[in-house]
Amino acid sequence: MGRAGLGQLRRDLRAARDRDPAARSSLEVALCYPGVHALWAYRVNHWLWTHGLPLPARVGATVARALTGAEIHPGAQVGDGVFIDHATGVVIGETAEVGNDVTIYHGVTLGGTSLEPTKRHPTIGDRVVIGAGAKVLGPFTVGADSRIGANAVVVRKVPPGAVVVGVPGQIITRSRPQPAHHDDSLPDPLGLSLQSLLTRVDRLEATAALQAATATTAGADGDASSGGATGTTGSGDGGAARPARTGGAPGIGRAAGVGGSGGRGRSGSGGNPPRVTIRPPKGGVWQGEDFAI
């Protein structure tokens, strides 16, 4: 291992102390943190793997999994300053690459979706935070400073500085860069979409009500203008003429008589009702306070 190896072990201790407020001392971390133990075992097993001793490396990884609850393939590439919190259920595949200062919580899987003996596991950029239970599956890259929410299932490339939530993972690109370990609440794209849809439905209903009221007013004006004068209407069968209804009531023509201009007018002085155009968000993208979906 040498001096460089000891320096790497010290950095692992420092990463745990910096990112876990429950850590009180380096001695406590060294004795009680299975995530740190899993990393240390991996570093030894990776050395064996790269020096032509794959079987001892796999045996060491199996023992480490039984002791720590985390399985890190000795062929994986794990950078400096990585912190695995709680460790239980963490799986890192053979061709996975993990950058520097990455934080991984329990239940995370960096797995593959192919059975071909090629690059089939993800590449995680520097300072990425992967929440508890998240699954990152496939040979793509997760950009630096990204955050993956708890229980998210990520199956496609993630740009730097993005947030991924949901199943399947929805990529949300931040409009303002933030530190990867900034402790803010993750956005809820489903909730935002539902809220936007409800707002849109309210606007559509209001528009429909306005158009209906305008059409009714226009119809009433048309009826009044066509039946306001006193006149006679034929009965249609040659009988005696009867006086038409007077006043503001609408004139109603009876059969094919002579006289008043019957029928209810649907267009009158009101003209065409105003139309309100409701458009989706520009480019189909919902804009949040500091992100876009």
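Residues numbered from 1 in each chain as written. Predicted model: local features only at pLDDT ≥ 70, side-chain atom pairs only at ≥ 80, totals over all residues. Heavy atoms only, no water.

## Thoughts on empty space enclosed by the protein
According to the stated counting rule, one finds 2 cavities of 30 Å³ or more in the structure shown. In this structure, the second largest cavity encloses a volume near 40 Å³. Taken together, Ala38, Ala41, Tyr42, Asn45, Ala61, Ala64, Arg65, Ala70, Glu71 and Ile72 form the lining of the second largest cavity. Contributing elements (two or more residues each) for the lining of the second largest cavity: α3 (34–50), α4 (54–68) and β1 (71–72). Residue contributions to the lining of the second largest cavity peak at 4 residues, all from α3. Across the lining of the second largest cavity, the residue classes tally to 7 nonpolar, 1 polar and 2 charged. (1 Å grid on protein atoms, 1.4 Å probe; cavity = no way out; pocket = protein on both sides within 12 Å on 5 of 7 lines; lining within 4 Å. Points joined across faces, edges and corners; volume = space filled by probe spheres on them. Helix = DSSP H or I, 4+ residues; strand = E, 2+ residues; numbered from the N terminus. Nonpolar A, V, L, I, M, F, W, Y, C, P; charged D, E, K, R; others polar.)

## Description of the confidence of the model for the protein
Confidence along the protein averages 76 in pLDDT terms, with 66% of residues attaining 70 or more. A low-confidence stretch, residues 179–183 (pLDDT under 50), is modelled with 9 contacts involving residues beyond four sequence positions or located in other chains. Counting interchain partners and residues more than four positions distant, the pLDDT-below-50 stretch residues 228–270 has 55 contacts. (pLDDT = per-residue confidence, 0-100. Contact = heavy atoms within 4.5 Å.)

## Notes on unusual backbone geometry
Cis geometry marks the peptide bond from Val167 to Pro168; its omega dihedral reads -10°. Structurally, Pro168 can be placed in the loop between β14 (162–165) and β15 (170–174). We note that His86 has phi near 70°; this positive angle belongs to a residue other than glycine. Positionally, His86 belongs in the loop between β3 (83–84) and β4 (91–92). What makes His86 partly exposed here is its relative accessible area of 49%. Positive phi is not limited to glycine here, since Asp101 has a value of about 60°. (Buried < 20%, exposed > 50% of the residue type's maximum accessible area, 1.4 Å probe, protein only.)

## Notes on the sheet that holds strand β10 (residues 135–137)
Within the open sheet, the 5 strands sit side by side as β1-β4-β7-β10-β13. Their pairing is parallel. Among the strands making up the open sheet, the edge pair consists of β1 and β13 (153–154). Relative to β13, β10 runs parallel, the two sharing 2 bridges. Residue pairing in the sheet places Val136 in a bridge with Val154 of β13. (Pairing = 2+ DSSP bridges.)

## Quick notes on the nonpolar core
Within soluble globular proteins, side chains that are nonpolar generally end up buried alongside one another. Membership of the largest hydrophobic core comes to 32 residues, with the highest contact counts inside it found for Leu110, Ile130 and Ile148. Top element by residues in this core is α3. It accounts for 3 residues. Those residues in contact with Ile130 that sit more than four places away from it in its chain are Thr103, Ile104, Tyr105, Val108, Leu110, Ile124 and Ile148. Leu13, Ala16, Val36 and Phe83 belong to the second largest nonpolar core, which has 7 residues in total. (Core = buried A, V, L, I, M, F, W, Y, C linked by side-chain atoms within 4.5 Å.)

## Quick word on the pattern of salt bridges
Per the stated rule, a full pass over the model turns up 9 salt bridges. For Arg24, the salt bridge identified is with Glu28, shortest N-O distance 3.7 Å. On the basis of relative accessibility, which here comes to 23%, the residue Glu28 falls in the partly exposed class. We note a salt bridge from Arg120 to Glu94, for which the minimum N-O separation is 3.2 Å. Of this pair, Arg120 sits in the loop between β7 (109–111) and β8 (123–124) while Glu94 is found in the loop between β4 and β5 (97–98), placing the two residues 26 residues apart along the sequence. Among the residues examined, Glu94 registers a relative accessible area of 28% and is labelled partly exposed. Each of Arg11, Arg19, Asp80 and Asp101 takes part in salt bridges that share partners, so that together they form one network. (Salt bridge = Lys/Arg side-chain N within 4 Å of Asp/Glu carboxyl O.)

## Details of α4
The end-to-end C-alpha distance of α4 is 21 Å, a good match for the 21 Å that 15 residues give at a rise of 1.5 Å each. Along α4, the positions that sit buried rather than exposed are Ala57, Ala61, Ala64 and Thr68. All buried residues of α4 fall inside an arc of 65° around its axis, so they share one side. Projecting away from the buried face of α4 at angles above 90 degrees are the exposed residues Leu55 and Ala66. The inward-facing, buried residues of α4 contact α3 and β1. Where α4 terminates, the next one or two residues include Gly69, which has phi positive at roughly 85°. (Expected span 1.5 Å × (residues − 1). Arc of directions from axis to C-beta.)

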